Amino acid sequence: MQIKTDFLIIGSGIAGLSFALKAAKKGKVILITKSNEEESNTKYAQGGIAAVWHDSDSIEKHVADTLNAGAGLCDEKIVRLVVTEGTERVKELIELGTKFDKKANGDYDLAKEGGHTENRILHYKDVTGFEIERALLKQIHEHKNITVYDHYYAIDILTQHHLGEVVTSQTQGITCYGAYILNTKNGVIDTVLSKITVMATGGAGHVYATTTNPVIATGDGIAMVYRAKGHVKDMEFVQFHPTSLYNPGENPSFLITEAIRGFGGILKTLDGKEFMQKYDARGSLAPRDIVARAIDNEMKTRGDDYVYLDCRHLDRKGFIEHFPNIYNKCMSLGIDPFMKMIPVIPAQHYLCGGIIVNEHAQSTITSLYAVGECACTGLHGANRLASNSLLEAVVFAHRAAEHAASAMNEISFNDKIPDWNAEGTEQAEEMILITQSQKEVQQIMSNYVGIVRSELRLKRAFDRLEILYNENEKLYDEKVITQKLCELRNLICIGYLIIKHAIRRKESVGLHYMVNYKKKEKI
Ligand code: FAD
Ligand code: SIN
């Protein structure tokens, strides 16, 4: 079936939903999402959204903290733009019905996280993302110009390649005409023709064996754009959150928010000793890359499987009020945070790199925008400052919507795009070929391309991944398309991009830490 719409948005996290609400004032919106509509990284965001809010804070301070975390690789113009426009966008979230916690005097209760010199994180208990997603979806349901297609999976975007033209990464004027989408309930593949397409597909956590990301995070948008010969950047900067709950067998890993360290929680080794001061004067609240590496180093040196987060000294009532979700989770595992220390371990959490976009969220492909975690705006540089990603998503969703609304009138549908051709393909008889390869990709990435890397490990990862790539391309060409098969294809592509960019960068910087170049840093 062929479907036509002004705006096609792929993804229903904060970025896709925010764009949809703004674009719907100008035209018809179809928003597709591969799982239930609320399932997204956004839903699990705990700590909150950073914004300059209180008089003691300033644009300059938030800019400086972001630049500092980004290890010299942020685009300062973009940092200024996000921080300056961010407060207004957060006010809009509130107008749309999002609740953030307030103190008894009515002021917003601003939390602090690693790398921030001020309390500037607006939050709703420890389930901020769930609350934002709830509020945005409520607005989406009330909008007559927006149709949500849940359980639809975007396979690839449409360009002149689908009209038989040769397209390379050097081709000028590559244009996006929409996407092929798979109804995952009945296997039918439809063609969506759109004037404007927006990639809002989120992160790629499941390229690693251990991640805080839900299973939807398979890097689909970045891989689709890369296949369409759009440009991507900074893929080597993979952020590992220092403190996910150590609970072997639980996947995705449960996050223990950094805000707990902002509340006074202290990292300790298994013998109960503090260790962060050895690595950074900011202790447990140093930026994430430093804390994650320090934990990794302690675990490897001591031969331990985890470290502890000590909360036993904290105010019980205040803790339970701020972090009810985490408190309940710990208690369900027999860990009373006021009696026992919480075992924690780093886990993949966020991808700083992605689809290159300009200040209007335009990708290098005409009529294609990218917003949220799948985009690389220049805000994060080599390491994202905590709670800056929800902020980036709302700022760029707004900018993209403003820009796309004016561009849309000049664009017409490309009716020549053919429907999906499944001729010659047959049903895959063995799922093991897909599930086992996915595990192999995750093992390769976790073992060789994790928190600490080396030239030898990267080379080995590259060679191993190439075998999986060749096997998977054959499967993709011969078998009937399924979501799992496409996700594996995308994960292999993301792994390849992370390794390729890591090999290219001949220095240790931010989240990309190479033992070969370790003299440049403290650890
Ligand atoms: P997502 O929210 O991940 O949404 C992506 C959407 O795209 C999903 O709906 C998905 O189903 C859909 N999708 C993907 N591929 C396809 C496809 N092929 N076809 C159709 N649909 C597709 N950031 C902060 O700033 N503050 C925090 O406190 C914070 N806490 C976090 C806690 C956790 C546990 C995690 C995992 C992340 C946290 N982050 C936090 C990061 C932040 O949540 C994400 O970066 C942000 O929510 C990404 O939003 P998004 O809209 O770009 O993507
Ligand atoms: C957290 O709550 O620790 C996560 C915040 C973030 O990823 O920005």
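Residues numbered from 1 in each chain as written. Chains lettered and ligands numbered in written order. Predicted model: local features only at pLDDT ≥ 70, side-chain atom pairs only at ≥ 80, totals over all residues. Heavy atoms only, no water.

A. Molecular detail of the nonpolar core. Ranked by size, the top nonpolar core spans 75 residues in total, and within it Ile 32, Ile 155, Met 199, Ile 222, Val 449 and Ile 498 carry the most contacts. When residues no more than four places from it in sequence are discounted, the contact partners of Ile 498 are Val 207, Tyr 208, Met 235, Glu 236, Val 238, Met 445, Val 449 and Arg 453. (Core = buried A, V, L, I, M, F, W, Y, C linked by side-chain atoms within 4.5 Å. Buried < 20%, exposed > 50% of the residue type's maximum accessible area, 1.4 Å probe, protein only. Contact = heavy atoms within 4.5 Å.)

B. A look at the sheet that holds strand β12 (residues 307-310). What the 4 strands build is an open sheet, ordered β10-β13-β12-β11; its pairing is antiparallel. Pairing within the sheet leaves two strands with one partner each, and these edge strands are β10 (238-245) and β11 (266-268). Strand after strand, the sheet turns through a mean of 45 degrees between neighbouring axes, direction not considered. Bridging between β10 and strand β13 (residues 342-351) involves 6 bridges; their strand directions are antiparallel. Across the sheet, the residue bridging to Phe 240 is Gln 348, located in β13. (Pairing = 2+ DSSP bridges. Helix = DSSP H or I, 4+ residues; strand = E, 2+ residues; numbered from the N terminus. Axes fitted to C-alpha atoms, helices over the stretch in contact; angles between N-to-C directions.)

C. Fine view of the sheet that holds strand β16 (residues 375-376). Strand order in this open sheet of 3 strands is β9-β14-β16, and the pairing throughout is mixed. The open sheet terminates on both sides in strands that have one partner only, identified here as β9 (232-233) and β16. With 2 bridges connecting them, β9 and strand β14 (residues 354-356) associate as antiparallel partners. Each residue of the ladder has a partner; that of Lys 233, found in β14, is Gly 354.

D. Here's a closer look at helix α12 (residues 432-448). For α12, which comprises 17 residues, the first-to-last C-alpha distance of 24 Å matches the rise-based estimate of 24 Å (1.5 Å per residue) to within 8%. Within α12, burial applies to Ile 434, Ser 437, Gln 438, Val 441, Gln 442, Ile 444, Met 445 and Tyr 448. Against the buried residues of α12 lie β17 (452-453), α13 (455-478) and α14 (483-504). (Expected span 1.5 Å × (residues − 1).)

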